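Residue-level listing of the chains:
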Amino acid sequence: MMFAECVVSSISKSVVLVEISLPSETKYYAKKYFTPVNSTHLYEGRLISAFDIGTKRDALTWGVLEYSGGSITLNNADGYFNQYVTDNWFVGWYGSSVTVKFGYEQLPLADYITLWTGYIESVSLTNTNFVLTVSENRKILDNVDIQASWINTNAMTVIKEAILLAYPDITYDSAYFDTVSWEAVAAQNILVSVDMVDMKKASEVIQDVSNSIFGIFYTNEYGKYSYKILNLDASCTHTIQSNDIIEIPEITFDTSDIVSSVIVYCDIDEDIQTSEYAVTVEDYTRENYVYNNYGIKNNKEYLTYLPNATAACSFAIKYLDYTCDVHGTFSITVPMKYYYLTIGDTVFVNPKNVGNNEFLGMKKCEILGKTYLLDTAMIQFDLRIYYDEG
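Residues numbered from 1 in each chain as written. Predicted model: local features only at pLDDT ≥ 70, side-chain atom pairs only at ≥ 80, totals over all residues. Heavy atoms only, no water.

(A) Highlighting the packing of helix α2 (residues 155-166) against helix α4 (residues 202-213). Running from N to C, α2 and α4 point in directions that differ by 170°, and their axes come no closer than 9 Å. Looking at the two axes, α2 sits roughly antiparallel to α4. Contacts between α2 and α4 pair Ala-155, Val-158, Ile-159, Ala-162, Ile-163 and Ala-166 from the former with Ala-202, Ile-206, Val-209, Ser-210 and Ile-213 from the latter. A per-class count over the contact of α2 with α4 returns ten nonpolar, one polar and no charged. (Axes fitted to C-alpha atoms, helices over the stretch in contact; angles between N-to-C directions. Helix = DSSP H or I, 4+ residues; strand = E, 2+ residues; numbered from the N terminus. Parallel < 35°, antiparallel > 145°, perpendicular 65-115°, else oblique. Contact = heavy atoms within 4.5 Å. Nonpolar A, V, L, I, M, F, W, Y, C, P; charged D, E, K, R; others polar.)

Here is the structure:
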């Protein structure tokens, strides 16, 4: 039986596996003592709970994703983890890699899917529980200030070098980066200019570059740094079937995200810390349209690392295309078979009401958020309607 068959089978029992790579050994945990098919490892039945794995972005920002992470609780009722209490308190656990896998009892281990990879931030110990607080690898970049300058440089080179400046122990290769997606974006040769006089957090530099190019910086399921450019006009090949949606969603149509005009700052004159810009581009072409349709005038200023007015004009057009109308947002819960969909993807969705009546009609939607609900073996997607289909 394949993974896709197990998802829809009523007799399939889902399994969550947690693997912790310590310096001297790897620990294997599940909710019960369990050896997957074709595995040489026994997964100890100490797993009490694992966090719901998820992240999302705000509709008006691109490079800013919530960090995924949470806590993993292991059973310490027998005092097993007390042995790791030394004068240095759990040295070897901090920073160690954690991988969460999902599958079904009847599947070979090779057919399990990896959902998330991150690292241990902190631990806590009681007489009954050993709790690991874990986070994704992007969060490491919050803790390091960097300083450098890039003038008319490929945005992917800037972000890559910012990561390597902050994290000099790694190299740009497939061990740490999703090089396929990275090089695909680099091939677009999107240029930015960042001239730093003062230090700034690496994560903030990457965030601001990403906001300038409609980019999404994230870590994939294997903990590797990855990237994509939001392109809602690309051909959509994914459909979430109506009968897979657990319940009819509540849809919000909120005008607070509407923007009628934009001022784009570009061509940094001095540095990113003081945010001094040489060129300002203003776009009021949608103001009458927005006011006539919604009675709203909402101007937004946008600081970018774009190198010139031409790039800033293109940014303004794309930004207003995205924000000058109301777009409904809603969440749906679906089976694990849609695990391959990620933030920034587009998908066709058509929830149906009782009696299979049309509720929304077919919509092309952007995925703003994704959360694995491990206890129920489901996924929650947060969606933004892009347009009606057909």
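Let's pick the thread back up.
(B) View of the nonpolar core. Ile-20, Trp-93, Leu-132, Ile-240 and Phe-381 are the most contacted members of the largest nonpolar core, which has 60 residues in total. With 54 residues, the next largest nonpolar core counts Tyr-225, Leu-232, Ala-312 and Leu-368 among its residues. (Core = buried A, V, L, I, M, F, W, Y, C linked by side-chain atoms within 4.5 Å. Buried < 20%, exposed > 50% of the residue type's maximum accessible area, 1.4 Å probe, protein only.)

(C) Seen up close, the packing of α2 against helix α3 (residues 179-186). Orientation of α2 relative to α3, taken along the N-to-C sense of each, is 140°, at an axis distance of 9 Å. Comparing their axes, α3 and α2 come out oblique. Mapping the contact onto sequence places Met-156, Ile-159, Lys-160 and Ile-163 in α2 and Trp-182, Val-185 and Ala-186 in α3. Residues belonging to the contact of α2 with α3 are distributed by class as follows: six nonpolar, no polar and one charged.

(D) Structural context of the environment of Lys-337. Along the chain, Lys-337 turns up in the loop between β19 (329-335) and β20 (346-349). Along the backbone, Lys-337 and Ile-240 are 97 residues apart, and their C-alpha atoms lie at a distance of 10.0 Å. Excluding residues that lie within four positions of it along the chain, Lys-337 makes contacts with Val-7 and Asp-244. A distance of 2.9 Å separates a polar atom in the side chain of Lys-337 from a polar atom in the side chain of Asp-244. (Polar contact = N/O pair within 3.5 Å; in protein donor to acceptor, adjacent residues only side chain to side chain.)

(E) View of the layout of surface pockets. Quantified by volume, the largest pocket comes out at close to 550 Å³. If you trace the largest pocket, you find 24 residues lining it, with Leu-115, Glu-221, Thr-342, Lys-370 and Tyr-372 closest to the centre. If you list the elements that add at least two residues to the lining of the largest pocket, you get β4 (53-56), β7 (113-125), β13 (215-219) and β21 (363-373). The leading source of residues in the lining of the largest pocket is β7, at four residues. A breakdown of the residues in the lining of the largest pocket according to their chemical character gives 13 nonpolar, seven polar and four charged. By volume, the second largest pocket amounts to about 270 Å³. (1 Å grid on protein atoms, 1.4 Å probe; cavity = no way out; pocket = protein on both sides within 12 Å on 5 of 7 lines; lining within 4 Å. Points joined across faces, edges and corners; volume = space filled by probe spheres on them.)

(F) Here's a closer look at the pattern of salt bridges. Taken as a whole, this structure holds 14 salt bridges when the rule is applied. In this structure, Glu-25 and Lys-27 form a salt bridge, with 3.5 Å as the shortest nitrogen-oxygen distance. Of the residues examined, Glu-25 reaches a relative accessible area of 34% and is grouped as partly exposed. As a salt-bridge pair, Glu-366 and Arg-57 come within 2.5 Å of each other at their nearest N and O atoms. Within this pair, whereas Glu-366 is found in strand β21, its partner Arg-57 is found in the loop between β4 and β5 (69-75), the two being separated by 309 residues in sequence. With respect to class, Glu-366 is no different from Arg-57; both count as buried. Beyond isolated ion pairs, a larger network of salt bridges with shared partners links Glu-44, Arg-46 and Asp-78. (Salt bridge = Lys/Arg side-chain N within 4 Å of Asp/Glu carboxyl O.)

Interpretation in functional terms is not warranted from these geometric data alone.
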